[in-house]
Amino acid sequence: MIDRAQVLHVARLARLELTDDEVGTMSRELSAVLDHIEKIGELQLDDVPATSHVIDVVNALRPDEPVPSLPREQALANAPEVVDDGFGVPSPGAA
Amino acid sequence: MSADLIALSARDAAEQIRHGRISADELFAAYRERAAADAAKGEDGLNAYTWVADVTPSAPAASDAAPLAGVPLAVKDLFCTEGVPSQSGSKILAGYRPPYNATVVDKLASAGTTLLGKTNQDEFAMGSSNENSAFGAVRNPWDASRVPGGSSGGSAAAVAAGLAPWALGTDTGGSIRQPAALCGIVGLKPTYGSVSRYGMIAFASSLDQAGPFARDVTDTALLYRHMVGRDGRDSTSLQHPDEIALPKGVDLKGIRLGVPEELIGEGVESGVREAFNQTLALAEQLGATVETTHLPHAPHALSAYYLIAPAEASSNLARFDGVRYGLRADADDLLSMYTRTRAEGFGPEVKRRIMLGTYALSSGYYDAYYGRAQKVRTKIAEDFRSAFDSFDFIVTPSAPTVAFKLGEKTADPLEMYLQDFCTIPMSLAGIPAISIPNGLSDGLPVGFQIAGPAFSENRLLDAAYVLEQALGFDGSKVRA
């Protein structure tokens, strides 16, 4: 069971603003999904290694050679706000 | 004339262009007109496209280097296409035009395909009905009151309805195979890593896999052949050990098919089970042996998936913060700008999965949830490995039901998640699986899934081809 306080805590971690209604819905729906998911708690998995990659591969390394990157104007082309050739954002100061 | 062009398979169209019997421009115009006519109807049409090309692009001349010259291609919205909207079905990316192409989009352009349009999808590929798109639901060409499946619903509907000869999709837990099944076409989820993920807007990186949709197995193989390859820009991409061949074969002599009891039980509709059993009988007539087998951990696959995929999604979707592209909400301070942008930009299913994933990764829960799920994943992969000691392929229905009504499953997330019950185990194991149409139930298409070991695509396509020829499924009436 995920209660309202937990929903609000997770929403803060996830940088999501939720309406009051959404907090209630989320609490109900996440609890239902987790009830189902928690069945994996019944499995004996102590000596089982966790999957890190499904296909056996070794580290993919490449030479560290500089190549041209995206030109600045292209990188900024989709920006909601551009300030001094950079991405503009509101002040991080406390509101 | 236009109807004749639409009736051609992609392979035949490429052949005819090469021999100068039809022109690439004519072919493109015929498809463009149909795609644009549907797009103009918005949600009164199939709503398969979110963008359709308005001019005919110039195709390279047909040659050995560009064997697909002039065959139009529909591309799922989440693939980045330079200068063309790539919104992953989300309001948070509304209007986003990437400055580069996904590697697979570039590769297919080099092979000669032309970009016909971008197809509608569930937001960030999260969904099994294509009702989670910020650009409206997609409808099933077999019955407009029903869903096409998802998340690649636009691609599947476009191919089934003859609004594209073939299309690109992605499959994380079933997002190619399930819509292919519900729309009566062929869809392949390849071996994990065989196609570059560079430029695919990420959902769950350890599962996301690009693959082809086509009307038949031959076109599926032909498109996939030009998608594979290691890419320096995706360190998880792998060189496929084989060149992908066009499928062949006349029988299934010596082929051992395993039917996992865990994936054909309750939840599978009677009409779907009937079509499945008929296809098994047909496979036996063609020389295959069919035996029941077990994937003991498969019943836990859905649980593992709904921890791993949302956990990875919550991390991948952290980048959508209103700073560099897409939507930005008004706010006086930075934190409020983030939280409001994400509140306004993401739809309910995406929020639900971000919350679930963030919870599963949060302090104190990581080992119990994400860690455990990755162990279950190991067991599922082992189940398949040991099954493939005794069988060439594992076969199941592609989806437990036929296409359901719009709105029928939106109220209960868990019921929607169960749509992918038969497809998720293969995704977790990273192995290839194909869905081919194997008949109708109450007038709606049913899909047959064949899964093989990693990199077995050539054998898988051959077996699918033999079955396809024997089944003789005809989807042409919905292309009229």
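For the structure itself, consult the block above.
These remarks concern the structure in this document. Since the model is a prediction, treat every value here as computed from it, not as a measurement. (Residues numbered from 1 in each chain as written. Chains lettered and ligands numbered in written order. Predicted model: local features only at pLDDT ≥ 70, side-chain atom pairs only at ≥ 80, totals over all residues. Heavy atoms only, no water.)

1. Let's talk about the overall build of chain B
Summing up its helical and strand segments, chain B has 15 helices and eleven strands in all. Taking 23 Å as the expected radius of gyration for a compact globule of 480 residues, we find that chain B reaches 21 Å, a close match to that expectation. Within chain B, the fraction of its 480 residues that count as buried is 66%. Considering only contacts within chain B whose residues lie at least 6 apart along the sequence, 75% involve residues at least 24 apart. With an accessible surface of roughly 15,500 Å², chain B has 47% of that area assigned to carbon and sulfur atoms. (Helix = DSSP H or I, 4+ residues; strand = E, 2+ residues; numbered from the N terminus. Rg over C-alpha atoms; globule rule 2.2 N^0.38 Å. Buried < 20%, exposed > 50% of the residue type's maximum accessible area, 1.4 Å probe, protein only. Contact = heavy atoms within 4.5 Å. Areas by Shrake-Rupley, 256 points an atom, 1.4 Å probe, with all protein chains shown as cover.)

2. Some remarks on the sheet that holds strand S4 (residues 166–171) of chain B
Note on sheets: strands pair through backbone hydrogen bonds, and any given pair is parallel or antiparallel. All names here are of chain B. Strand order in the open sheet formed by eleven strands is S1-S3-S2-S4-S6-S5-S10-S11-S9-S7-S8, and the pairing between neighbours is mixed. Both edges of this open sheet fall to strand S1 (49–52) and strand S8 (289–293), since each of them pairs with a single strand only. Between one strand and the next, the sheet's axes are offset by a mean angle of 30°, whatever the strand orientation. As paired strands, strand S5 (residues 186–189) and strand S6 (residues 209–214) are joined by two bridges and run antiparallel to one another. Each bridged residue has a counterpart across the sheet, and for Val-186 the counterpart in S6 is Ala-214. (Pairing = 2+ DSSP bridges. Axes fitted to C-alpha atoms, helices over the stretch in contact; angles between N-to-C directions.)

3. Thoughts on the pairing of strand S7 (residues 256–260) of chain B
Residue and element names in this part refer to chain B. Summarising burial for S7: four of the five residues are buried, a large majority. Two strands pair when backbone bridges link them, and S7 and S8 are joined in this way by five bridges, in the parallel orientation. When the sheet's bridge partners are listed, Leu-257 is paired in S8 with Val-290. Bridge count for S7 against strand S9 (residues 393–397) is two bridges, and the pairing is parallel. Following the sheet pairing, Gly-258 is matched in S9 by Ile-394.

4. Points about helix H10 (residues 334–345) of chain B
Residues and elements named next belong to chain B. Spanning twelve residues, H10 covers 16 Å between terminal C-alpha atoms, matching the ideal 16 Å at 1.5 Å per step. Looking at H10, one finds that the buried residues are Leu-334, Ser-336, Met-337, Thr-339, Thr-341, Arg-342, Ala-343 and Gly-345. Structurally, H10 contributes buried residues whose contacts are with helix H11 (348–361). Its side-chain oxygen at 3.4 Å from the backbone nitrogen of Leu-335, Asp-333 defines the N-terminal cap of H10. (Expected span 1.5 Å × (residues − 1). Polar contact = N/O pair within 3.5 Å; in protein donor to acceptor, adjacent residues only side chain to side chain.)

5. What to know about unusual backbone geometry
Note the cis peptide between Gly-150 of chain B and Ser-151 of chain B, where omega equals 10°. Phi at Asp-84 of chain A is positive, roughly 50°, even though this residue is not glycine. Following the sequence through the fold, Asp-84 of chain A ends up in the loop between strand S1 (82–83) and strand S2 (86–87). On the basis of relative accessible area, Asp-84 of chain A is assigned to the exposed category, the value being 76%.

6. Notes on the interface of chain A and chain B
Listed per partner, the contact involves 50 residues of chain A and 62 residues of chain B. Here chain A and chain B share an interface that buries about 4,900 Å² over both sides, 69% of which is from carbon and sulfur atoms. Ranking the residues of chain A by area buried against chain B places Arg-15, Ile-40 and Asn-78 of chain A at the top, with a combined share of 12%. Between Lys-351 of chain B and Glu-22 of chain A there is a salt bridge whose closest N-O contact spans 3.0 Å. Between chain A and chain B we count 20 residue pairs in polar contact (both at pLDDT 80 or more) in total. Top contributing element to the side of chain A that touches chain B by residue count: helix H2 (residues 20–37) of chain A, with nine residues. Of the residues belonging to the side of chain A that touches chain B, the class tally is 32 nonpolar, ten polar and eight charged. (Buried area = accessible area lost by both parts, 1.4 Å probe. Salt bridge = Lys/Arg side-chain N within 4 Å of Asp/Glu carboxyl O. Nonpolar A, V, L, I, M, F, W, Y, C, P; charged D, E, K, R; others polar.)

Without other data, these values stay purely geometric and don't point to any function.
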